Amino acid sequence: MFNATVENLLNEALEERSDLFLIDFTISGEQVVSIIIDGDNGVKVEDCMFISRAIEHNIDREEYDFSLEVASAGAAAPLTLPRQFKRNIGRTLEVKTQTENIEAELIDVSEEGIELTWKAREPKPVGKGKVTVQKNAKIAFNDIVEAKVVIKF
């Protein structure tokens, strides 16, 4: 009963705030509720407070003893949903597939996957030396093992 109540309250809050979306939701045996959210425009402390209050203020503490943690996915967290990728168009990603690791700029996101672009040094077709070439790759979501935004300072 408790789990269903929390899940319903969470879904109602996310419907009210369509700019926010769920990344992870767990309830442990000790009734520790852990929610990780992301947003189309990032996540502010106020967004976490909104989700927390939507749940906490609608559950009777006399009936249920629980703890609640609401957090953002974080800058270094892997991207897992297409919606997260769309938010990061124009940024550099580190994408791992089964066969390669690519660090490149995310230029497009479709229903099927992502498109990346980067520059690489390759041997000249004729003669000695190397030349810089522009590379593009389309990678299906199913082929992505892990993708993270590269944080640059």
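Structural notes, computed from the coordinates. (Residues numbered from 1 in each chain as written. Predicted model: local features only at pLDDT ≥ 70, side-chain atom pairs only at ≥ 80, totals over all residues. Heavy atoms only, no water.)

What follows is about the pattern of salt bridges. For the coordinates displayed, the defined rule picks out 7 salt bridges. Residues aspartate 19 and arginine 17 are paired through a salt bridge, measuring 2.9 Å at the closest nitrogen-oxygen approach. Look at aspartate 19 and you get partly exposed, because its relative accessible area is 23%. Overall, arginine 17 belongs to the partly exposed group, its relative accessible area being 22%. (Salt bridge = Lys/Arg side-chain N within 4 Å of Asp/Glu carboxyl O. Buried < 20%, exposed > 50% of the residue type's maximum accessible area, 1.4 Å probe, protein only.)

Judged by nonpolar contacts, the single largest core of 19 residues is most densely connected at Ile35, Ile51, Ile55 and Ile59. If you list the elements that add at least two residues to this core, you get α1 (2-16), β2 (32-39), α2 (45-56) and β3 (67-72). By residue number, the principal contributor to this core is α1, which donates 6 residues. The contacts of isoleucine 55, once residues within four sequence positions are left out, are Val6, Leu9, Leu10, Ile35 and Leu68. With 15 residues, the next largest nonpolar core counts Leu93, Val95, Ile102 and Phe141 among its residues. (Core = buried A, V, L, I, M, F, W, Y, C linked by side-chain atoms within 4.5 Å. Helix = DSSP H or I, 4+ residues; strand = E, 2+ residues; numbered from the N terminus. Contact = heavy atoms within 4.5 Å.)

In this section: the packing of aromatic side chains. Considering all chains together, one arrives at 3 aromatic pairs under this definition. With a centroid separation of 5.1 Å and an interplanar angle of 45°, the aromatic rings of phenylalanine 2 and tyrosine 64 are classed as tilted. Of this pair, phenylalanine 2 sits in helix α1 while tyrosine 64 sits in the loop between α2 and β3, placing them 62 residues apart in sequence. A residue is classified by how much of its surface remains accessible, and tyrosine 64, at 16% relative accessible area, is buried. Taking the centre distance of 5.4 Å and the plane angle of 55° together, the rings of phenylalanine 85 and phenylalanine 141 count as tilted. Remark: phenylalanine 141 occurs in the loop between β7 (130-140) and β8 (144-149) and phenylalanine 85 occurs in helix α3 (residues 82-87); sequence separation between them is 56 residues. Phenylalanine 141 carries the same exposure label as phenylalanine 85, and that label is buried. (Phe/Tyr/Trp six-rings, centres within 6.5 Å; stacked < 30°, edge-to-face > 60°.)

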